[in-house]
Amino acid sequence: CPLCVLLQEPSLYTVKAVFILDNDGNRLLSKYYDPELYPSMKEQKTFESNIFNKTHKADNEIAFLEGMTIVYKSSIDLFFYVAGSAQENELMLMSVLNCLFESLSQILRKNVERRCLLDNMEGVLLVVDEIIDGGVILESDPQQVLQKVNYRADDNPLSEHSVAQHITEKLALTTNVSLTSHQPSLHTARCSVLPNTYDTITTELLHSVRSV
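Residues numbered from 1 in each chain as written. Predicted model: local features only at pLDDT ≥ 70, side-chain atom pairs only at ≥ 80, totals over all residues. Heavy atoms only, no water.

Novice: Residues and numbers for unusual backbone geometry, please.
Specialist: Of note in this structure, Glu 66 is not a glycine but carries a positive phi near 55 degrees. The exposure class of Glu 66 is partly exposed, given its relative accessible area of 42%. Notably, Arg 109 is not glycine yet its phi reads approximately 55 degrees, a positive angle. Here Arg 109 shows up in the loop between α3 (90-107) and α4 (114-119). The class of Arg 109 is partly exposed, set by a relative accessible area of 46%. (Buried < 20%, exposed > 50% of the residue type's maximum accessible area, 1.4 Å probe, protein only. Helix = DSSP H or I, 4+ residues; strand = E, 2+ residues; numbered from the N terminus.)

Novice: Tell me about the packing of α3 against helix α5 (residues 121-131), and name the residues and values.
Specialist: Axis separation between α3 and α5 bottoms out at 10 Å; the angle between their running directions is 150 degrees. With respect to each other, α3 and α5 are oriented roughly antiparallel. Seen from above, α3 lies across α5 with right-handed handedness. Listed contacts from α5 to Val 96, Cys 99, Leu 100, Ser 103, Leu 104 and Ile 107 of α3 are Gly 123, Val 124, Val 127, Val 128 and Ile 131. For the contact of α3 with α5, the per-class residue count stands at nine nonpolar, two polar and no charged. (Axes fitted to C-alpha atoms, helices over the stretch in contact; angles between N-to-C directions. Parallel < 35°, antiparallel > 145°, perpendicular 65-115°, else oblique. Left-handed = near helix turned anticlockwise from the far one by under 90°. Contact = heavy atoms within 4.5 Å. Nonpolar A, V, L, I, M, F, W, Y, C, P; charged D, E, K, R; others polar.)

Novice: Give me the lowdown on the pairing of strand β2 (residues 27-32), citing residues and values where you can.
Specialist: Extensive coverage of β2 is indicated by the burial of six of its six residues. As judged from the five bridges shared by strand β1 (residues 17-22) and β2, these two strands associate in the antiparallel manner. Residue pairing in the sheet places Ile 20 in a bridge with Leu 29 of β2. Hairpin connection from β1 to β2: four residues lie between these consecutive antiparallel strands, with Gly 25 at a positive phi of about 85 degrees. (Pairing = 2+ DSSP bridges.)

Novice: Talk me through the packing of aromatic side chains; I want residue IDs and the actual numbers.
Specialist: Scanning the entire structure with this criterion turns up nine aromatic pairs. Taken together, Phe 19, Tyr 32, Tyr 38, Phe 47, Phe 52, Tyr 72, Phe 79 and Tyr 81 form an aromatic cluster joined through their ring pairs. Of note, Lys 73 hangs over the ring of Phe 101, and the distance from its end group to the ring centre comes to 5.2 Å. (Phe/Tyr/Trp six-rings, centres within 6.5 Å; stacked < 30°, edge-to-face > 60°. Lys NZ or Arg CZ within 6 Å of the ring centre and 35° of its normal.)

Novice: Provide a residue-level description of the pattern of salt bridges, including the pertinent values.
Specialist: A complete count under the given rule lists six salt bridges for this structure. Its salt-bridge partner being Asp 22, residue Arg 114 comes within 3.6 Å of it at the nearest N-O pair. Taken together, the positions of Arg 114 in helix α4 and Asp 22 in strand β1 put the pair 92 residues apart, joining distant regions of the chain. Arg 114 gets classed as partly exposed once you look at its relative accessible area, which sits at 23%. Asp 22 gets classed as buried once you look at its relative accessible area, which sits at 4%. For Glu 48, the salt bridge is made with Arg 27, and the minimal N-O distance between the two is 2.9 Å. Taken together, the positions of Glu 48 in helix α2 (residues 41-55) and Arg 27 in strand β2 put the pair 21 residues apart, joining distant regions of the chain. (Salt bridge = Lys/Arg side-chain N within 4 Å of Asp/Glu carboxyl O.)

Scope: geometric values only; no functional claims are made or implied.
The following block contains the structure:
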């Protein structure tokens, strides 16, 4: 009931999911932060397909689907989505979306399109992790995000080793596991961090990162 929604306590876990699709609706990157929300790959892709079909020809910035509030933005051949619960503040979700888009725009030197995104996926992953952690919004200022990932437009792209080190440090902070001299591979690190976080990336993206 409406009264129940009003009386519901606010939650720090604002973001339920973030995903980027191409102009055909194919997944390029997705992160689901609620383990009870679309736990299987099939459910996630069905949800993404449904929201893409509803939004890719629309002029709005907000959509409501399956009890979710989704804000979105498009650029050339990319669609960016941030999803929250039905009662979530749309302005909060929009701040996350704008921060993500502006941060990536600087990393990609204003070329926010599919090929550039794939070629710089390591930086994209770090940006997402600095904006959102487990569904909690950490940062909404693009400049702060770029400083935290130590990424500048005139710097060389981050190596896979740097990405793995960044993820390993996050793993130590979240699980109190001591770092060892052995750095895990990118694939191992992404799959081992935050067991309650559903972090899925296409094989094409992993190949793109490793080929940098």
